[in-house]
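# Observations on the model geometry
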Amino acid sequence: MTDKTRTFRDIPVGIESEGERVEFDSMGEVRVPADRYWGAQTARSLKHFAIGEERMPIELCRAYGYIKKAAALVNTRAGLLEEDKSAAIAFACDELVAGELDDHFPLLVWQTGSGTQTNMNVNEVIANRAIQLLGGELGSQKPVAPNDDVNKSQSSNDSVPTAMHLAAIGALDARLLPELESLAGAIEHKASGWMDVVKIGRTHLQDAVPLSVGQEWSAWAEALRKAIGDLHHARDGLLDIALGGTAVGTGLNAPAGFAEDVAAEIARQTRLPVRTAPNKFYAQATLDPILRFSASLRGLAVALIKIAEDLRWLASGPRCGIGELKLPENEPGSSIMPGKVNPTQSEALLMVAMQVIGHDTANAMAGSWGNLQLNAMRPVVAANVLTSIRLLADACASFRTNAVEGTELDRNRIAHLLEESLMLVTALVPEIGYIEAAHIAEAAAAKGTTLREEAVASGKISADEYDRIVQPRTMIGEGFAGA
């Protein structure tokens, strides 16, 4: 730790000042709140883009801390930035990453499509904090300027997509993947314990041949495992970063080797194997890598819809539905019908999944508008992806703890429905043929009798033969239920 770093630590984050101060940019002077670190361009955005209430995700702003610190260090090594400035910028960036500057990022999603105003918000906050650390006057842009120092060798056009990638990876790794692993594990645990519980299957929402409860649940777990694999695959594409391409991909105004060096520095800071994108023109003109990631979130949402829908169908009732599952009774289900309990966790998960699919649809449209050398629809994609990750992580955690882990079987109901099913007749097909077996099922359905009664009455098979052949436990595949 350098002497400067020790000194910087003695200067707390925050500005003890009231009223306003004057900041400036290339267009002139602007008044800003005196207790905020942001400057003129942030203030202009607040004035001209007062649209909605959705702020740019703080995860994106924090990810910028890695970018600006890496750029400062690489610029210093290249002889383009003085060491005292670099040290102050780096220290401010560490504070940014740690969340200590969160209150100074007020901009909304609905702004310039390149995200330039958020980049400048970050530049201004870091610059003013660095000025404070170095004993300068806030708003003076001395000794640290937002454009000439904090933004040196960069453009919004290469830094915003880089921040989007880093923020998405960070949120995925810290929030969504752990919750998905926990949910998949909880379902697998249930499945393994119920592999010997034979039940009737259903196709087209109609009776089908038997399987076990564990087999049914194993499908849900496998769907999540496949979705996790898709997320990992898409995550790898986010490790390519555009930083170093500057305005249009050529690297204008960046020193030789900047792209590779800054990627290596970000990798060191984040412990992620990030790499410079091999084609910066592609990296800046499109949003393809993060759109593929968005599509993998949509794929997860589709899998979750299947699971949530199945769970609430199988728990429908308690007396007039399928009723094979008993869900935890977390809260009253109706304001008018006493004793009603609803599958609310499934409903919440379904709504989240639908929202994520909507986000991906908007993202796909945004990605298709990458005109010429720049896609200028970035803020909405960044916000949608990070919101989707947060919603999915929270919903999976809630679904696991409040539904899956406490779900129990109504074994009597399962056994009754299995015994009543007409599709057990399928086991007779190898002995008497499809058409004769169909006639037996049709007769039992029409008369309200059992399959066994109609099979014996048909004269095609004896009672002993029926009992030997029609055993549900032997119909669910080798290696299951002791078969």
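Residues numbered from 1 in each chain as written. Predicted model: local features only at pLDDT ≥ 70, side-chain atom pairs only at ≥ 80, totals over all residues. Heavy atoms only, no water.

### Topic: the layout of surface pockets
In this model, the largest pocket occupies a volume close to 480 Å³. Lining of the largest pocket is provided by 19 residues; of these, Ala315, Ser316, Gly317, Pro318 and Val341 occupy positions nearest its centre. Broken down by secondary-structure element, the contributors of at least two residues to the lining of the largest pocket are helix H11 (288–314) and strand E7 (325–326). Empty space within the second largest pocket amounts to approximately 340 Å³. Taken together, 15 residues make up the lining of the second largest pocket; nearest its centre are Tyr66, Leu166, Ala167, Gly170 and Ala171. Taken together, the elements giving at least two residues each to the lining of the second largest pocket come down to helix H3 (58–77) and helix H7 (156–193). Ranked by residues supplied to the lining of the second largest pocket, first place goes to H7 with eight residues. For the lining of the second largest pocket, a count of residues per class yields nine nonpolar, two polar and four charged. (1 Å grid on protein atoms, 1.4 Å probe; cavity = no way out; pocket = protein on both sides within 12 Å on 5 of 7 lines; lining within 4 Å. Points joined across faces, edges and corners; volume = space filled by probe spheres on them. Helix = DSSP H or I, 4+ residues; strand = E, 2+ residues; numbered from the N terminus. Nonpolar A, V, L, I, M, F, W, Y, C, P; charged D, E, K, R; others polar.)

### A few points about the nonpolar core
Leu176, Trp217 and Phe293 are the most contacted members of the largest nonpolar core, which totals 115 residues. In terms of residue count, the dominant contributor to this core is H7 (17 residues). Look past the residues within four positions of phenylalanine 293 in its chain and what remains in contact with it is Ala168, Leu172, Leu231, Ala234, Arg235, Leu238, Val385 and Ile389. Listed in part, the 19 residues of the second largest apolar core include Val198, Leu451, Ile461 and Tyr466. (Core = buried A, V, L, I, M, F, W, Y, C linked by side-chain atoms within 4.5 Å. Buried < 20%, exposed > 50% of the residue type's maximum accessible area, 1.4 Å probe, protein only. Contact = heavy atoms within 4.5 Å.)

### Brief notes about the pairing of strand E3 (residues 198–203)
Relative to strand E4 (residues 206–212), E3 runs antiparallel, the two sharing five bridges. Residue pairing in the sheet places valine 198 in a bridge with serine 212 of E4. The hairpin formed by E3 and E4 contains two residues between the paired strands, and histidine 204 there has a positive phi angle of roughly 60 degrees. (Pairing = 2+ DSSP bridges.)

### As for the pattern of salt bridges
Applying the stated criterion to the full structure yields 30 salt bridges. Residue glutamate 265 pairs with arginine 77 through a salt bridge whose shortest N-O separation is 3.0 Å. You can see glutamate 265 sitting in helix H9 (residues 258–270) and its partner arginine 77 sitting in helix H3, a full 188 residues away along the chain. Owing to a relative accessible area of 4%, glutamate 265 belongs among the buried residues under this scheme. Across the pair arginine 268 and glutamate 265 runs a salt bridge whose closest N-O atoms are separated by 2.6 Å. You can see arginine 268 and its partner glutamate 265 sitting in helix H9, three residues apart, about one turn around the helix. Given a relative accessible area of 52%, arginine 268 falls into the exposed group. (Salt bridge = Lys/Arg side-chain N within 4 Å of Asp/Glu carboxyl O.)

### A word on the packing of aromatic side chains
Applying the stated criterion across every chain, the model contains three aromatic pairs. Centre to centre, the rings of phenylalanine 8 and phenylalanine 91 are 5.5 Å apart; their planes meet at 55 degrees, and the pair counts as tilted. Of this pair, phenylalanine 8 sits in helix H1 (residues 3–8) while phenylalanine 91 sits in helix H4 (residues 83–97), and the two are 83 residues apart along the sequence. A relative accessible area of 12% places phenylalanine 91 in the buried class. For the ring pair tryptophan 194 and tryptophan 217, a centre distance of 5.2 Å and an interplane angle of 85 degrees mean the geometry is edge-to-face. (Phe/Tyr/Trp six-rings, centres within 6.5 Å; stacked < 30°, edge-to-face > 60°.)

### Points about the packing of H7 against helix H8 (residues 213–238)
Remark: H7 packs on H8, axes separated minimally by 9 Å, with the N-to-C direction vectors making an angle of 165 degrees. Here H8 runs roughly antiparallel to H7, going by the angle between their axes. The handedness of the crossing between H7 and H8 comes out as left-handed. (Axes fitted to C-alpha atoms, helices over the stretch in contact; angles between N-to-C directions. Parallel < 35°, antiparallel > 145°, perpendicular 65-115°, else oblique. Left-handed = near helix turned anticlockwise from the far one by under 90°.)

### Remarks on unusual backbone geometry
In the segment running from lysine 142 into proline 143, the intervening peptide bond is cis, with an omega of 5 degrees. Within the secondary structure, proline 143 is located in the loop between helix H5 (116–133) and helix H6 (146–150). Residues glycine 317 and proline 318 are joined by a peptide bond in cis, for which omega reads 10 degrees. The backbone phi angle of serine 153 is positive, close to 70 degrees, even though this residue is not glycine. Relative to the elements of secondary structure, serine 153 occurs in the loop between H6 and H7. For serine 153, a relative accessible area of 6% puts it in the buried group. A positive phi angle is found at arginine 271, which is not glycine, with a value near 60 degrees.

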